[in-house]
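The primary structure of each chain is shown beneath.
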Amino acid sequence: MLFLVIMIDLHCHSYFSDGELSPVALMNKAVDSRLRILALTDHDTLAGLAPLQDAARHSGITIINGIELSVCWKKYYIHLLGLNINPEEAELIALVNAQNQGRIQRALNISACLKGAGIHDAYQKACDIAGHERVGRPHFAQVLINEGLVPDMKSAFKRFLGQGKSAYVPTVWVGIENAITAIVKASGQAVIAHPSKYALTRTKLHELIRTFKAAGGEGLEVVSGDITVADTMELAGLCTRFDLLASTGSDYHGDSLSRIGLGHQRPLPVNCTPIWDQWNI
Ligand code: MN
Ligand code: MN
Ligand code: MN
């Protein structure tokens, strides 16, 4: 099997969402990893894009403006990447603001639930860890660890934050079609992030892809983080079958949170058409 070798990473996070690194620190990593192209795809926020563009000036690395949107499709939560978006497009900004209101409200509700476990001001503590108010469950997991209620992230989800547990609060994210429309309106390309992570049956995954494509979606993340070669080959096959472009990213969140480093994901199989094929880079 042949692989396409190009130093590109189209999925990572900064401390503007749940990553550990500042845009400047992320840039230093990108230089160390000899990346040529890097997309920042923080969860439901555009806040890190301008700082990263600034940090990348004179680095020789091309920065792609991106985002990772949490969306609803039927009863599932799906992550959608928007690549090459214009971060100043009004409809996208409005969507992001609405998502964040939902995120903050959920965080307040999680905080209220955690009071029952004896943790006070969990929301404030999570915000202190994150450095911003748009906190997600990983930040609450860190609070639970700090308070000594659980030994690690995994048990925080297993005992408190995961679906069906005492501090689980469902969120109503934007619908997948609306999210794709906003991405396309912002001149971006929509990509289904880590498609093998949703535990969908093959039939359901195909149904998701059909809905996604009909709404204007263009790509699948064929390589994501430490995905297995078998899963990558299956996703590459789906790209061919549904005439979709292939994306690749490490989903890097920081050295202590991620198993593989920035830009260290496996290359794309050569039978894929890369999403950057038509980019002016
Ligand atoms: Mn994340
Ligand atoms: Mn994700
Ligand atoms: Mn991600």
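Numbering of residues starts from 1 in every chain and runs along the sequence as written. Lettering for chains starts from A, numbering for ligands starts from 1, and both go in the order in which the items are written. Local features in a predicted model are, by the rule used here, given only for residues with pLDDT of at least 70; side-chain atom pairs are given and counted only at 80 or more, and totals for whole chains, interfaces and linings are based on all residues. Hydrogens and water are ignored here; the side-chain numbers use all heavy atoms of the structure.

**Student:** Let's hear about the environment of Tyr252: which residues, and what values?
**Tutor:** Its location among the elements puts Tyr252 in the loop between β9 (245–249) and β10 (268–269). Sequence separation of Tyr252 and Gly263 is eleven residues, and the distance between their C-alpha atoms is 8.2 Å. What qualifies as a polar contact is a pair of N or O atoms within 3.5 Å, subject to a donor-acceptor requirement within protein and to the restriction that residues adjacent in sequence count only when both atoms come from side chains. Side-chain polar atoms of Tyr252 contact the side chain of Asp255, separated by 2.6 Å. A run of H or I in DSSP counts as a helix once it spans at least four residues, and a run of E counts as a strand once it spans at least two, with each numbered from the N terminus.

**Student:** Explain the pattern of salt bridges to me, using residue names and the numbers behind them.
**Tutor:** For this document, the term salt bridge refers to a Lys or Arg side-chain nitrogen within 4 Å of an Asp or Glu carboxyl oxygen. Per the counting criterion, the structure on display carries nine salt bridges. Notably, a salt bridge pairs Arg202 with Glu234, separated by 3.1 Å at the nearest N-O pair. Of this pair, Arg202 sits in helix α8 (residues 202–214) while Glu234 sits in helix α9 (residues 229–242), placing them 32 residues apart in sequence. Overall, the relative accessible area of 37% leaves Glu234 in the partly exposed class. A salt bridge links Asp226 to Arg259, with the shortest nitrogen-to-oxygen separation between them at 2.9 Å. Taken together, the positions of Asp226 in the loop between β8 (219–224) and α9 and Arg259 in the loop between β9 and β10 put the pair 33 residues apart, joining distant regions of the chain. The buried label applies to any residue whose accessible area, calculated with a 1.4 Å probe on protein chains only, is under 20% of its type's maximum; exposed applies above 50%, and partly exposed to all values in between. According to the relative accessible area criterion, Arg259 is exposed, its value standing at 74%. One connected set of salt bridges, linked through shared partners, spans Lys74, Lys204 and Glu207.

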